[in-house]
Amino acid sequence: QVQLVESGGESVQAGGSLRLSCVASGYTAIDYCMVWFRQAPGREREGVAALDTGRPTRYYADSLKGRFTISQDKAKNTLYLEMNNLKPEDTAMYYCAADTIACGTNWAEYEYSYWGQGTQVTVSS
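In short, a report on the structure. This one's a predicted model, so the numbers in the text were calculated from it and none came from an experiment.

Rules used in this analysis
Residues numbered from 1 in each chain as written. Predicted model: local features only at pLDDT ≥ 70, side-chain atom pairs only at ≥ 80, totals over all residues. Heavy atoms only, no water. Pairing = 2+ DSSP bridges. Helix = DSSP H or I, 4+ residues; strand = E, 2+ residues; numbered from the N terminus. Axes fitted to C-alpha atoms, helices over the stretch in contact; angles between N-to-C directions. Phe/Tyr/Trp six-rings, centres within 6.5 Å; stacked < 30°, edge-to-face > 60°. Lys NZ or Arg CZ within 6 Å of the ring centre and 35° of its normal. Buried < 20%, exposed > 50% of the residue type's maximum accessible area, 1.4 Å probe, protein only. Contact = heavy atoms within 4.5 Å. Core = buried A, V, L, I, M, F, W, Y, C linked by side-chain atoms within 4.5 Å. Salt bridge = Lys/Arg side-chain N within 4 Å of Asp/Glu carboxyl O. Disulfide = S-S within 2.5 Å.

1. Things to note about the sheet that holds strand β3 (residues 18-25)
Working step 1: The strand order across the open sheet built from four strands is β1-β3-β8-β7, with neighbouring strands paired in antiparallel fashion. Strands at the two margins of the open sheet, each flanked by one partner only, are β1 (3-7) and β7 (68-73). On average, each strand axis in the sheet is tilted by 20 degrees relative to the strand beside it, whichever way the strands run.
Working step 2: Two elements, β1 and β3, share five bridges in a ladder whose sense is antiparallel. Residue pairing across strands places E6 opposite C22, the latter belonging to β3.

2. So, the packing of aromatic side chains
Working step 1: Under the criterion given, the structure shown has six aromatic pairs.
Working step 2: Plain terms: the ring middles of Y95 and W115 are 6.4 Å apart, the flat faces sit at 75 degrees to each other, and that makes the pair edge-to-face. Remark: W115 occurs in strand β10 (residues 114-115) and Y95 occurs in strand β9 (residues 92-99); sequence separation between them is 20 residues.
Working step 3: Aromatic ring contacts, followed pair by pair, group F37, Y95, Y110, Y112 and W115 into a single cluster.
Working step 4: The ring of F37 has R45 sitting right over it, with the charged end atom 5.3 Å from the ring centre.

3. Describing the pairing of strand β5 (residues 46-52)
Residues in a regular strand point their side chains to alternate faces of the sheet.
Working step 1: β5 sits mainly inside the fold: six of its seven residues count as buried.
Working step 2: Pairing between strand β4 (residues 33-39) and β5: six bridges, direction antiparallel. By the bridge assignment for β5, W36 is matched with A49.
Working step 3: In this structure, the hairpin formed by β4 and β5 is closed by a connection of six residues, where G42 is found at a positive phi of approximately 75 degrees.

4. Some remarks on the side chain of D52
Working step 1: On the secondary structure map, D52 appears in strand β5.
Working step 2: Excluding its chain neighbours within four sequence positions, the residues that come into contact with D52 are Y32, C33, T57, R58, Y59, Q72, I101, A102 and C103.

5. A few points about the nonpolar core
What tends to happen in soluble globular proteins is that the nonpolar side chains get buried as a cluster.
Working step 1: Ranked by size, the top nonpolar core spans 28 residues in total, and within it W36, L81, M83 and Y94 carry the most contacts.
Working step 2: Residues V35, F37, A50 and C103 belong to the second largest nonpolar core, which totals eight residues.

6. Looking at the pattern of salt bridges
Working step 1: Scanning all chains against the criterion turns up four salt bridges.
Working step 2: The closest approach of N and O atoms between R38 and E46, which form a salt bridge, is 2.8 Å.
Working step 3: For R38, a relative accessible area of 9% puts it in the buried group.
Working step 4: Close ionic contact of D90 with R67 constitutes a salt bridge, the shortest N to O distance being 2.8 Å. Taken together, the residues span a long stretch of sequence, with D90 in the loop between β8 (78-83) and β9 and R67 in the loop between β6 (58-60) and β7 at a distance of 23 residues.
Working step 5: What you see here is one network of salt bridges that share partners, running through R38, E46, R67 and D90.

7. Quick word on the state of the cysteines
Working step 1: In total, this model carries two disulfides according to the counting rule given.
Working step 2: With a sulfur-sulfur separation of 2.0 Å, C22 is cross-linked through a disulfide to C96. Across the S-S bond of C22 and C96 the torsion is about 55 degrees, and the bridge reads as right-handed. Of this pair, C22 sits in strand β3 while C96 sits in strand β9; the two residues are 74 residues apart in sequence, bridging distant segments of the chain.

Function cannot be inferred from these measures alone, as they are strictly geometric.
Below you can see the structure in the form of structure tokens.
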């Protein structure tokens, strides 16, 4: 019954910034691992960042740490991904995912139960 809806994806020029949002509904008052993934055409799905809703734990892909920031607003039931200094190689569909688990070291490989439909990010030049 959990539903996730992403928004905020746009076409931007290299060096620009975007903030993606994922609004969650239908969840219970328990901890979740919530994750941002991305997938470019012809490429494997890649874990971007993750957080535990019940503790101050954050995870990032090593190649993206320093440019991307994951955060949440519990009052608004919203997960965010701040993306700075965007590069053409960041072009992809971005998805949020969640499950009723604590994030572990395998957060990027875990098969999550709940997924949004994705939002497109395109970086030009």
